[in-house]
Amino acid sequence: MKKIFKYIALSVLCAGVFCSCEKFFDTMEGDLSKVDAESMVATQAGLQSLLANLYNSLPMNAFSTGDQNQLFANGSRSTPSYYSSTTGFWNYTTIRSINKFLEALDSAQEKGIIDEATKKVYRGEGLFLRAYCYFCSVRYYGGIPIVDHSLDEEYDGGENAGLYVDRSTEKESWDWVLDQFQQAADLLPESQVQEMRANKYTALGMKARAALWAASESKYWNRAPINSSYNAVQKKLTYMEASYAGAYYEQALTAAYDVIRNSSNDLYGAEPSSVDEAIDNMKNLFQHYSSLEGLFGRSYETGDSKTTNGVNGWAPAQCLMGDYTGGSYSISLNLADEYDYYDSKTSRKHLNGKIQTLIDGDEDDYFDDVQAEMTDALVANYKKYDKVTSPFELKDARFQAWVIYPGCTFRGMTINMQGGIVDGDGHVDVYPAENKAKFKALTAYYPYGAEKQEDLSFFYDLTTNLNSNNRSFYCFVPRKYLDQNTNNPTTKTPWYDLRYSEILLTYAEAAVESGKGDQGLAATYLNMVRHRAGFTDNVPLTLENVLHEWKVEFALENKWSDVLFRRRAFYNPDNTPTYEEGSIGHKLTLVPMVDLSGAEAKYIFLRALPYSATSHFNNYSGTLRFNAEQYYGAIPNHVKNRIDENNK
Amino acid sequence: MRATSLVLGILLSATALFAQNTIKVTGTVTDAQKEPIVGAAVMQKGTSTGTATDIDGNFELTVPEGAVLEFSSIGFETQTLKAAAKMNVTLVEDSELLDETVVVGYGVQKRESLTSSISQIRSEDIAMTKSPDAVTALQGKVPGLMITQNTGKPGDFANSISIRGYGTPLVVVDGVVRSSTKVTRGMFFSIMKDYGMDVSETDISYANDLSVLNEINPDDIESISVLKDASATIYGLGAENGVILITTKKGQVKKPTVNLSAMLSLTQPVTVRNVESWTSFMKWENAMSDVSKMGHRFSDEVIAAYENNDPDYIYTDWYNTVFKKATLNQQYNVSLTGGTETVDYYIGGNFTNDNSVYKSKSYGYDRYSFNANIGVRLTKNLQARYTTTFRQSTNRTPGSYDVDWNLLYYVYSSNPMVGVTTKENPTHYTVVDEEFMNPAALLDTETAGYYKMDNKSFNNNLEITYNAPFLKGLRFSANGAFDFERNKSTMLVKRYPLYDYATDQVAGWFREETQYGENWSDRRRLYGRIQALYDNHFGKHNVTAMLGAELTDFLMSSVGADRYYGTDKDNWLYTHDTINSGLRSRSENKGTRSQDRSAGYIGRVNYNYAGKYLVEVMGRYDGSYWYKRGKRWAFFPSYSLGWRISEEKFFKSILPFVNNLKFRWSDGFTGSNQGSPYDYVTGYTESGSWVFTDGKTTTGYANNTVESSILTWAKVRMMDFGVDWELWQGKFGGTFDWYKRTVIGTAATRTVDIPDFYAVSLPKENLNSYENQGLELTLYHRNNIGAFNYRIQGNVSFTRSRNTYIESSATQKYTSSMNYWQSYNLNRWNGYFGGSRYEWAGGQFTSITDASTSQVLYDYSASGAGNRAIVPGMYKLIDRNGNGYIDSNDVFYTWGTGSSPLQFGLMLSGSWKGLDFSLMFNGAALRYKSYMMAGYSSFGYLNYLPSEYTDSYRVANYGDDPWDPETQWVAGYWPALARVTSSGASHNATYTSAQPYNYINAAFLRLKSLEVGYRFAPNFMKKIGIKSARVFFNGGNLFTICNPLLKYIDPESQDASSSAGGYYQLNRSYNFGFNLTF
């Protein structure tokens, strides 16, 4: 028996040599999908990678379709909607990442990875990114808990007192955000080597935007006052007052002026010599990022052949490839009406943009159910246009460059969007079930504008095939971000988060609202934006003119919802007359028709509610009221976070 | 008894030594068929004197007079006879289970001395089911091994395998763990990601890969053991779900024997949907439209035209355009086996070809495999054994991934009024639906492309055993394995035009761009083990001991590339399917590498006293690299006890016919890895990206975690109480087991309230726990009536599990008792807790009036308020909470739709002279299947109506308005059918899947296989040089007993749970083959 144990002991010894426990595992490659903390900040490239994640986490809402929810545009197959698309930012994970990044800079400098000057730039960017995030928080939640350092060390498994941060008042929060933008601006260089990184004027531009927001909110808080007995109002967590406004307008003016005066930015294609040049400029601006116009934005030129910004599905049905669904973003007639006309291509003075459809000029009238209500007798009252494009030919260059309208040329093809026919006997047929040709002087005219289904973008087959893809029930779609030339499913056009024209309008609005700043300069700035669009005349500096310019210059850039939000100007019938700016009519479309009743084929245009898959002819459902309390979002997890809830 | 004779033998031989009177014994050892047995041992009992029979079964031995001789050979019952000068011995085949040796972890044991729950199945039983993979061949044959066949797709082998419901087991082939714990993310998943589908990469990476079970040639398998209880713990971490041990065939000491077998199989789907004829369908469709208040799809003229066979109206039977009635598969095996005392060998080759029932080459599976096992006795005490396997398999599926998932859907969504190709051009495929999915084009590899997976694996195993000459019963062995596997997948997805049937004009394009991709992955396993084994007895004390150490190093790397051929609408060119042929500017590539290691020390001691009292103690010191230093290594002990009461004297006198009755108890610990490897490292991982300058993307990195430094494996305890019995020398026998497994400390995050500002999720800890419990019963009977031998074996397994701790917030609020029931299942048995279906109150609404006057509201949504949209035939439901309407709070518990907790199998086999037969049944119960009446490819949207739906409430006269209260109805099983506007949509509350008529008991009993064979008379065959020849017919999945509604939707497969007949169905097969032995 002893022998047995001897041999067993021997083999155990062998086994021991064979495998030396921990070392066997320590020598493994490890997890190759992770990079350890030390190597991550050991090089500048590593710091850049951290920065890339931080920029990517910004609540920029690029290409969000928020504008669809406003007056202007609509999802193609749904009932019109009306609500704010301004959202809050409540992502302390991103805040932690930014704080950790800022905290890593000191040690990176100590280790000699970056020098003092580089650290200054990185710190400036960190502060900018953090202020950007908190700006998006304050505007929606009011006073917020400001976490300005990472709390990793504060978790103790017990009371965790160090993890709880209380809300600052709304005014303190705004002041902190503005101060942080200013600190960032002081650290950042005049320009960055890489154009998609924030520089001094990005920070100042953002400061101007935030200051205008704080100022507008202060001035107009009382348009939508919330119950003063609420705890959050008592504690001034959701409270601003008119007396704050002046100082904020001044900050906006100063910051905007600094950018306009000192930055190398300018309007892209300022003072064009013709309408056509203006149209080209306005198209080109959105094809490739212009670092002249853009102070901040996001590029989709990734170097990867497949990633895209995802807007190609907005294109009309004729442009779609494979199994994509298009026409998913429509523009209403209401927006088309906003764009002014030139009096002529040469003198280029502005005229009211309402599209003239009727001889009696009653353009406030429209059809609820165009198919049933449009009668043969009514045809006589319609203005007859020679071409389907005639009503749009003298429209603002921005409309022609940014909107696809009936009969326009896009990617080398004519976009057909027609909804019916008046035949030789003067008989009207709107949305006919069959696309049967009628003849005039041996030329075939189709109710829907062309014979083959693949040559049609809208209206066809509405009543029988509601689920058919690629249908919109409006006759306008966005062109702004689409590839202008080829059917390319990998559209990579950029997103401008902050454009030079916004700085100009910010100055103009702050000046007209506060009476401060240089009023003459403000008028010039407002007209600079108009001139860039091809107009030659000047309009006076009025609030109405400034707001009109916000609508037309930034259509489809999700700005209008923000304007209404900060000005507390959403539609609110209980609160007359302050809802002026946010007042809405029904979202309408034009229904272009070919008219064969006269000697030659002409075109008439009907104003109508669009057909809808869900409710036959579209109309609003539900109430359109935007309550005062909706200006402050519910605080996420307020019980768990031990902070005050809003509207309570 | 045995011990007594042993002692007797020693005494006798001692006597013999003194007597010195010797005799020379000569003779032959043969089997029952009078075939000589080569290499049978002839030993003088109690001594080491002995010899082995030669190639003709002859032997010669000189022994003392009066000696007792023991004749033994593997697979035969040992015979003990008194020595005589001339001895012709016939050994009886060892069908006796008791003496059988059983492969256990790191060794073999005699069945009689087993103290654990281990089931073993031999090659003959495996071969009873004919299938290209070993998993299907195991189904229903091993108690506690639960297998569900999910699909009949060639080469897919998507079977669910679990031992006792525990989860995916470890697979050990010839002593080496060959199921990888880590799997590369397949190309398939990257495609899904490309198409924007949500795929969690971590889930895929750590799935257990059992592909070895699918790829191994069932014909090369000698035996399969299933370790179901604490006996599995000897394999350490990862063995918590039990272990499947596969032993491949070895050489035998006998004349070289060639075995040749060939088999041809005809396969067809088990479930073929019976659908209404086109003219009947059109009328049904219109009637359904009436119910939905939609316009008719077919005018009376069109219907009349088809009824009158108007030649202007064509009809395409898409199902038969795509499907064959049956397909032909082949399987060939050849093996050479033989050996002498010094060298033995087994060499096997196999070719398997498995085709699909589609009229297309786009699906298919081919495999070539080669297996060799060579043993060499180098010196008297030194032996070496080399095992090698080379396998090559090719698996083809269509290039377009969506075909694979939805082919039946596309078959039925295709418009039958349109031809497969255009009127004028038979090479122009037509547009048949809105999605441009022409099924015939999709399956045409020339047109649509292909997906091909090519797998080559090369496994090598070398074992060297040294019998220590200085100590009886001591052996050392060293075992090394080197496995290499290369997987190459290629995919071509082509862009192609589809034409308008009538005009022959291009009407649309399938796919936006042609794409070609390749993915190569390598896997390499190095394995080493050293062992010391001791086996001896001292009087009645029998001792075996084993001590060893092992380690594995597994490397996986992959690289893949894709190129596209251009998106320009008219201007693009496809040339060849090579990466270089695609556009350089439209290319992508990817590559990964990962490593996996394991190591452990193993020790085991078995002791038994006189074969009566059995004890086994074992332990394993095991490590896992997943955790932080200091949390990696642990010792896992196990023990088991057995008492063979039948060996007790008193028992033998009372119940002499009981030749075995054993009670067993086993109890042991092991660990289950938790979380994912390296959770303890707080690393940065890729997170988003930013373009700082046009054209240059910087990948972002983020770290939003804190290290899981206290996480370690979960503690698993496995317990088993079992009884084995056998009566009348094996005529009747059985086994019963009760088992329980507890798993304590599965990974979870503590649910304490932490404010958002901390912004890091808390680390994972070992918090939750659960347990499994179950019962197993096996009964067998064997006998012979004259020349008719037969055997019956049946087994039943029942298993269930429940959570015994769930980390949840103390402040968690449940809104109702139903909410509590549905969302919190602590201490409740899984599979039966789910509140998942409405309960039938009995009766159906017989009319519109009946529904609209009901006191209970079924549809209370804003759009369909009240019961105005409820159709006649809708089942009346119980409003459990009595609030006046039916909603999710009224659902009631029932057995689930997951895997069956109760599974059973029955094997019958017998032989009479040359004739043999076998039958294998498999079944499961306590499971429901959702019929998905409103399912994805059910009725109401597509161009077909399954005939079973015609048994529905329907208007008495075609064309009657279903919404007129005066309309007369004809009753049926289903509610009135309604047309819907999109696939999978339901008309209203009536057709949701949780309705009682949709919930169908999926209990079934299926004849998995039936085999009839005939062996030709050996004498006649011998004249033409053939030792034996056998022909057979084998049928697979021949019939199934189940609820008649499941005739069309298989009760076993996953078919229908989501796609109602859209899945690749199980196959029925008719196999013809022969075996020849030379």
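Here, the structure is the one placed above.
A brief report on the enclosed structure follows.

What counts and how
What you see as residue numbers is a count from 1 along each chain, following the sequence as written. Note on labels: chains are lettered from A, ligands numbered from 1, in written order. Totals for whole chains, interfaces and linings use every residue, but because this is a predicted model, local features are given only for residues with pLDDT of at least 70 and side-chain atom pairs only at 80 or more, for both listing and counting. Values reported for side chains reflect all heavy atoms of the structure, with hydrogen atoms and water molecules removed beforehand. Helix numbers and strand numbers start at the N terminus; a helix is a DSSP run of H or I with at least 4 residues, a strand a run of E with at least 2. Contacts were defined at the residue level, with two residues in contact if any of their heavy atoms lie within 4.5 Å. Burial classes follow relative accessibility: with a 1.4 Å probe on protein chains only, a residue under 20% of its type's maximum area counts as buried, one over 50% as exposed, and anything between as partly exposed. Each accessible area is a Shrake-Rupley estimate made with a 1.4 Å probe; only the visible protein chains count as cover when residues are assessed. Once two parts are brought into contact, the accessible area they lose, counted with a 1.4 Å probe and summed over both, makes up the buried area. For this analysis, a salt bridge means a side-chain nitrogen from Lys or Arg found within 4 Å of a carboxyl oxygen belonging to Asp or Glu. At least two DSSP bridges between two strands are needed for those strands to be called paired. Take the buried residues of types Ala, Val, Leu, Ile, Met, Phe, Trp, Tyr and Cys, join any two whose side-chain atoms come within 4.5 Å, and each joined set is a nonpolar core. Where helices are involved, their axes are fitted lines through C-alpha atoms of the stretch in contact, as for all axes, and angles between N-to-C directions lie from 0 to 180°. Only Phe, Tyr and Trp rings are paired, with Trp represented by its six-membered ring, and only when their centres lie within 6.5 Å; those with planes under 30 degrees apart are stacked, over 60 edge-to-face, the remainder tilted.

## Examining the overall build of chain B
Summing up its helical and strand segments, chain B has 16 helices and 51 strands in all. At a minimum sequence separation of 6, the contacts of chain B that also span at least 24 residues come to 70%.

## Thoughts on the overall build of chain A
When helices and strands are tallied, chain A shows 19 helices and 19 strands. Per-residue burial over chain A gives 59% buried out of 648 residues. Taking contacts inside chain A between residues at least 6 apart in sequence as the whole, the part at least 24 apart equals 74%. Counting only carbon and sulfur atoms, one obtains 48% of the accessible surface of chain A, whose full area is about 24,300 Å².

## Things to note about the environment of tryptophan 174 of chain A
Residues and elements named next belong to chain A. Tracing the backbone shows tryptophan 174 in helix α7 (residues 170-187). Taking the relative accessible area as the measure of exposure, tryptophan 174 reaches 0% and is therefore buried. The residues touching tryptophan 174, leaving out its near neighbours within four places in the chain, are Phe135, Val138, Arg139, Ala210, Trp213, Ala214, Glu217, Met240 and Tyr248.

## With respect to the interface of chain B and chain A
Of the residues lining the interface, 79 residues belong to chain B; the matching set on chain A comes to 80 residues. Both faces combined, the contact of chain B with chain A buries some 7,100 Å², and carbon together with sulfur accounts for 60% of it. For the interface between chain B and chain A, the tally reads four salt bridges. Across the pair aspartate 26 of chain A and arginine 632 of chain B runs a salt bridge whose closest N-O atoms are separated by 2.8 Å.

## Remarks on the pairing of strand β25 (residues 506-510) of chain B
All names here are of chain B. Relative to β25, strand β24 (residues 496-499) runs antiparallel, the two being bridged by four bridges. By the bridge assignment for β25, leucine 498 is matched with glycine 508. In this antiparallel pair of consecutive strands, β24 and β25, the connection spans six residues, and aspartate 504 shows a positive phi of 65 degrees.

## Things to note about the nonpolar core
With 206 residues, the main nonpolar core has Phe128, Met374, Phe476 and Leu606 of chain A as its most contacted residues. Broken down by element, this core gets its largest block of residues, 13 residues, from helix α6 (residues 116-141) of chain A. Within the second largest apolar cluster, 45 residues are counted, among which are Tyr875, Ala994, Ala1002 and Leu1046 of chain B.

## Observations regarding the sheet that holds strand β17 (residues 602-608) of chain A
All names here are of chain A. In space, the four strands of this open sheet follow the order β11-β10-β16-β17, with mixed pairing throughout. Strands with a single pairing partner mark the edges of an open sheet, and in this sheet they are β11 (428-430) and β17. The average angle at which neighbouring strand axes cross in this sheet is 25 degrees, direction not considered. Taken together, the three bridges between strand β10 (residues 420-422) and strand β16 (residues 589-595) define a ladder with parallel strand orientation. The partner of valine 422 across the bridge, within β16, is aspartate 595.

## As for the environment of serine 332 of chain A
All names here are of chain A. Its location among the elements puts serine 332 in the loop between β4 (330-331) and α12 (333-338). What makes serine 332 buried here is its relative accessible area of 0%. Sequence separation between serine 332 and glutamate 153 is 179 residues, and the spatial gap between their C-alpha atoms is 53 Å.

## A few points about the packing of aromatic side chains
Residues and elements named next belong to chain A. Counted by the stated rule, this structure contains 93 aromatic pairs over all chains. With 5.4 Å between their ring centres and 90 degrees between their planes, phenylalanine 128 and phenylalanine 296 make a pair best called edge-to-face. On the criterion of sequence distance, the pair formed by phenylalanine 128 in helix α6 and phenylalanine 296 in strand β3 (residues 294-298) is long-range, its members being 168 residues apart. Judged on exposure class, the residue phenylalanine 128 and its partner phenylalanine 296 are both buried.

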